[in-house]
Amino acid sequence: MRIFVVVGHKATTQPSFSLEDIPGTSGRLDILCRSVTAAFVLSHGIRKDVLVYLVLLGGETPKTIRLVGETLRHLNPDERTTAALLKKALAVEATPEWAMSTSGIFVRTGGLEKLLEDLKQRSVRLVYLREDGRDFRCLKDEPLEREMAFVLGDHTGMTAEEESLLASAGAEVVALGPTSLHADHCIVVTNWLLDTNAFMSDCG
Ligand SMILES: C[S@@+](CC[C@H](N)C(=O)[O-])C[C@H]1O[C@@H](n2cnc3c(N)ncnc32)[C@H](O)[C@@H]1O
């Protein structure tokens, strides 16, 4: 299973945003929609072995949406359809327990700290993607059988507090090169690197 976690610092936790102006009314939920597309959508299908967590921090109470490739339905490549699915999820009454919205989409209250605790319980290998990290292609040196979770920020990156949460959770800091990319592009590159097993044997 490949897991992607994207943190939306301003992303709304309410369903009241407009599908006519997603970036302007939802706290840049558009970034998270594109990340969902990048994680799941293939030319003719959906990646079944992918799990995405969207951490939405733009509300009084943080919420997390979980999308499960195995059972995900109604996902199209366009941003608007994804935003409509997230809107439905945000209309579900969220509690600390996961509640299903549509097939393969779940929502609960809670933010990054709670999610990292869950991933720890699951013994996931945690990778924080950041421009100045270790070369991604050097991950081959270590066992890759473990489930891996790749954590990304939004247009504002990650806060110092979130970085220290990630460090305490044992996250490795890994780069896809020194150039700052969009979060969804990082996901495409990560999927490609894993699909093609593009690792280097000699990392010095
Ligand atoms: C648009 S970038 C954030 C821009 C910039 N880092 C900042 O803090 O304002 C969104 C996220 O993509 C990931 N990212 C971008 N470029 C990357 C790279 N070259 N290697 C690894 N991760 C990257 C990071 O997780 C980053 O938080």
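Model, not experiment: these values are computed from the prediction.

A. Seen up close, the overall build of the chain. Regarding its fold elements, the chain presents six helices and ten strands. At 16 Å, the chain has a C-alpha radius of gyration in line with the 17 Å of a compact globule built from 204 residues. On the principal axes, the C-alpha backbone points of the chain span a range of 50 × 40 × 30 Å. Taking all 204 residues of the chain together, the buried fraction comes to 47%. For the chain, contacts bridging at least 24 residues in sequence account for 68% of all contacts bridging at least 6. Placing the 22 positive and 28 negative side-chain charges of the chain at their respective mean positions leaves the two points 4 Å apart.

B. View of the packing of helix α4 (residues 112-121) against helix α5 (residues 160-168). Relative orientation of the contacting elements α4 and α5 amounts to 15°, with a least axis distance of 11 Å. For the element pair α4 / α5, the angle class is roughly parallel. The two elements α4 and α5 meet at a crossing, and its hand is right-handed. Together, L112, E113 and L116 of α4 and E162, L165 and L166 of α5 make up the contact between the two elements.

C. Main features of the nonpolar core. Judged by nonpolar contacts, the single largest core of 43 residues is most densely connected at F40, V52, L54, I65, L67 and F136. Among the elements that make up this core, the one with the highest residue count is helix α2 (residues 29-40) (eight residues). Mapping this core onto the domain boundaries places at least three of its residues in each of domain 1 (9-37 + 54-109) and domain 2 (112-195). Those residues in contact with L67 that sit more than four places away from it in its chain are V36, F40, V50, L51, V52, L54, L72, G104 and I105.

D. Local environment of the site of the ligand. The full set close to the ligand counts 18 residues, and L129, E131, G177, T179 and L181 are the nearest of them. Backbone polar atom of L176 to a nitrogen atom of the ligand: 2.9 Å apart, as the coordinates give it. Here G177 contributes a backbone N or O atom positioned 2.8 Å from a nitrogen atom of the ligand. Protein burial of the ligand: of its 560 Å² of free accessible surface, 82% is covered by the chains. With respect to the detected pockets, the ligand is housed in the largest pocket. Mapped onto the shell around the ligand, the elements with two or more residues apiece are β8 (125-135), β10 (172-175) and α6 (183-196). Per element, the largest residue contribution to the shell around the ligand is three residues, and it comes from β8.

E. A look at the pattern of salt bridges. Evaluated as defined, the whole model comprises twelve salt bridges. With its nearest N and O atoms 3.1 Å apart, the salt bridge here joins R34 to E79. With R34 in helix α2 and E79 in helix α3 (residues 79-91), this pair connects stretches of sequence that are 45 residues apart. Across the pair R122 and E147 runs a salt bridge whose closest N-O atoms are separated by 2.8 Å. With R122 in the loop between α4 and β8 and E147 in the loop between β8 and β9 (148-152), the pair connects residues that are 25 residues apart, well separated along the chain.

F. Representation of the UniProt feature "binding site: S-adenosyl-L-methionine" (unreviewed entry) in the chain. UniProt's feature table lists "binding site: S-adenosyl-L-methionine" (unreviewed entry) at L129, G153 and C186, given in the numbering used throughout. The annotated residues occupy 58 residues of the chain but converge on a single region, no pair of C-alpha atoms lying more than 10.5 Å apart. Taking the annotated residues in turn, L129, G153 and C186 line the largest pocket. Among the secondary structure elements, L129 is positioned in strand β8. In this structure L129 comes out as buried when scored by relative accessible area, which is 10%. Not counting residues up to four positions away in its chain, the partners in contact with C186 are L152, L176 and L181.

Cut-offs used in this document
- Residues numbered from 1 in each chain as written.
- Predicted model: local features only at pLDDT ≥ 70, side-chain atom pairs only at ≥ 80, totals over all residues.
- Heavy atoms only, no water.
- Helix = DSSP H or I, 4+ residues; strand = E, 2+ residues; numbered from the N terminus.
- Rg over C-alpha atoms; globule rule 2.2 N^0.38 Å.
- Buried < 20%, exposed > 50% of the residue type's maximum accessible area, 1.4 Å probe, protein only.
- Contact = heavy atoms within 4.5 Å.
- Lys, Arg positive; Asp, Glu negative; His and termini not counted.
- Charge placed at Lys NZ, Arg CZ, Asp CG, Glu CD.
- Axes fitted to C-alpha atoms, helices over the stretch in contact; angles between N-to-C directions.
- Parallel < 35°, antiparallel > 145°, perpendicular 65-115°, else oblique.
- Left-handed = near helix turned anticlockwise from the far one by under 90°.
- Core = buried A, V, L, I, M, F, W, Y, C linked by side-chain atoms within 4.5 Å.
- Domains from an automatic or database assignment.
- Near = heavy atom within 4 Å.
- Polar contact = N/O pair within 3.5 Å; in protein donor to acceptor, adjacent residues only side chain to side chain.
- Areas by Shrake-Rupley, 256 points an atom, 1.4 Å probe, with all protein chains shown as cover.
- 1 Å grid on protein atoms, 1.4 Å probe; cavity = no way out; pocket = protein on both sides within 12 Å on 5 of 7 lines; lining within 4 Å.
- Sits in = over half its atoms within 2 Å of the grid points.
- Salt bridge = Lys/Arg side-chain N within 4 Å of Asp/Glu carboxyl O.
- UniProt positions renumbered as here; feature names shortened; annotations may be inferred.

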